[in-house]
Amino acid sequence: MKPKIGIVYSTVDGQTLKICNKLKEVLQQNNQEIDLISIDDFNEDITKYDKLVIGASIRYGVHNDKVIEFIKTNKKQLDSIKTAFFSVNLVARKPEKNTPETNPYVVKFFKTIDWKPTIVEVFAGKLDYKKYPFFDRKMIQLIMWMTKGPTNSDAEIEYTNWEKVNEFAQQLIKL
């Protein structure tokens, strides 16, 4: 019987979903049965899965409140199966901040919740100023200026390391 994996995601600009789709592709190629569901639409029994992956993006330094609420509401079920969590954020573009132990958003996230997934990962996201609404574009440019990142309003840079995503998928298979 194929292992059944649920992938629940929260995305703002679509990069987290893109990463989830890549995970789904790799997992399906390795004989895994996958359900990919937005956190907004998830109403399944978590224990129907052998493994559950939660993918969440960052906006203005925090993960979506729905992710935190989902974990708090379902902690008992999450603790009863193998789980994985990954965060997608632009800070992870920097080598010194691209691991779960060194990424400030992931460190802060796990200090605020009472849950320890089986595996945790962090991926750099995508910067696409043209896609952002005016206010978000200005705020992200300010944040990028402060962190010595690109501020050109035409910048579109995908920082996601797809080999790292593939490695994470392999970890999920072995989980």
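So, here's what we can say about the structure. Only a predicted model underlies this, so the values are computations on that prediction, with no experimental measurement involved. (Residues numbered from 1 in each chain as written. Predicted model: local features only at pLDDT ≥ 70, side-chain atom pairs only at ≥ 80, totals over all residues. Heavy atoms only, no water.)

**Description of the environment of D50**
Part 1 of the argument: The residue D50 is located in the loop between β2 (33-38) and β3 (51-59) in this model.
Part 2 of the argument: Along the primary structure D50 and E167 are separated by 117 residues, whereas in three dimensions their C-alpha atoms are 20 Å apart.
Part 3 of the argument: Among all residues touching D50, those that are not within four sequence positions of it are K2, P3, K4, I81 and K82.
Part 4 of the argument: A polar atom in the side chain of D50 sits 2.6 Å from the backbone nitrogen of K4. (Helix = DSSP H or I, 4+ residues; strand = E, 2+ residues; numbered from the N terminus. Contact = heavy atoms within 4.5 Å. Polar contact = N/O pair within 3.5 Å; in protein donor to acceptor, adjacent residues only side chain to side chain.)

**Some details on a nonpolar patch on the surface**
Part 1 of the argument: Among the surface-exposed residues, Y60, F134, F135 and I143 lie close enough to one another that they form a single nonpolar patch of about 430 Å² accessible area.
Part 2 of the argument: Structurally, Y60 is set in the loop between β3 and β4 (62-63). (Patch = residues over 30% accessible without salt bridge, like charges linked within 9 Å, V, L, I, M, F, W, Y side chains within 5 Å. Areas by Shrake-Rupley, 256 points an atom, 1.4 Å probe, with all protein chains shown as cover. Salt bridge = Lys/Arg side-chain N within 4 Å of Asp/Glu carboxyl O.)

**Regarding the pairing of β3**
Part 1 of the argument: Within β3, 9 of the 9 residues are buried, which leaves the element mostly enclosed by the surrounding structure.
Part 2 of the argument: Where burial is concerned, the two faces of β3 agree: the one with K51, V53, G55, S57 and R59 and the one with L52, I54, A56 and I58 are both buried.
Part 3 of the argument: The sheet contact formed by strand β1 (residues 4-10) and β3 spans 6 bridges and is parallel. Its bridge partner lying in β3, G6 is registered against L52.
Part 4 of the argument: Both β3 and β4 contribute to a ladder of 2 bridges, which runs antiparallel. Directly across from I58, in β4, lies its bridge partner H63.
Part 5 of the argument: Adjacent in sequence and paired antiparallel, β3 and β4 are bridged by 2 residues, among which Y60 carries a positive phi angle near 55°. (Buried < 20%, exposed > 50% of the residue type's maximum accessible area, 1.4 Å probe, protein only. Pairing = 2+ DSSP bridges.)

**Here's the deal with helix α2 (residues 65-78)**
Part 1 of the argument: Of all the bends in α2, the greatest measures close to 45° and is centred on K72.
Part 2 of the argument: The complete set of buried residues in α2 reads V67, F70, I71, N74 and L78.
Part 3 of the argument: Against the buried residues of α2 lie β1, β3, β5 (82-89) and α3 (104-112).
Part 4 of the argument: Measuring from the side-chain oxygen of the N-cap residue of α2 to the backbone nitrogen of K66 gives 2.7 Å; that N-cap residue is N64. (Bend = angle between axes of the 7 residues up to and from the residue.)

**Brief notes about the side chain of N89**
Part 1 of the argument: Relative to the elements of secondary structure, N89 occurs in strand β5.
Part 2 of the argument: Under the relative-accessibility criterion, N89 is labelled buried at 4%.
Part 3 of the argument: A polar contact of 3.1 Å, which involves the side chain of N89, links it to the side chain of S87.
Part 4 of the argument: Among the polar contacts listed, one links the side chain of N89 to the side chain of N103, at a separation of 2.9 Å.
Part 5 of the argument: Those residues in contact with N89, other than ones at most four positions away along the chain, are I58, N103, Y105, V122, F123, A124 and G125.

**With respect to the packing of aromatic side chains**
Part 1 of the argument: As enumerated under the stated definition, the model contains 11 aromatic pairs in all.
Part 2 of the argument: With centroids separated by 5.3 Å and ring planes inclined at 85°, the aromatic side chains of F42 and F70 adopt a geometry described as edge-to-face. Linking F42 in the loop between β2 and β3 with F70 in helix α2, this pair joins segments that are 28 residues apart in sequence. The pair formed by F42 and F70 is uniform in burial state, with each residue classed as buried.
Part 3 of the argument: Their ring planes at 10° and their centres at 4.7 Å tell us that F85 and F109 sit as a pair that is stacked. One end of the pair, F85, is in strand β5; the other, F109, is in helix α3, with 24 residues separating them in the sequence.
Part 4 of the argument: Of the aromatic side chains, those joined through ring pairs into one cluster are F85, F109, F110 and W115.
Part 5 of the argument: Here the basic side chain of R59 rests over the ring of Y60, its NZ or CZ set 6.0 Å away from the ring centre. (Phe/Tyr/Trp six-rings, centres within 6.5 Å; stacked < 30°, edge-to-face > 60°. Lys NZ or Arg CZ within 6 Å of the ring centre and 35° of its normal.)

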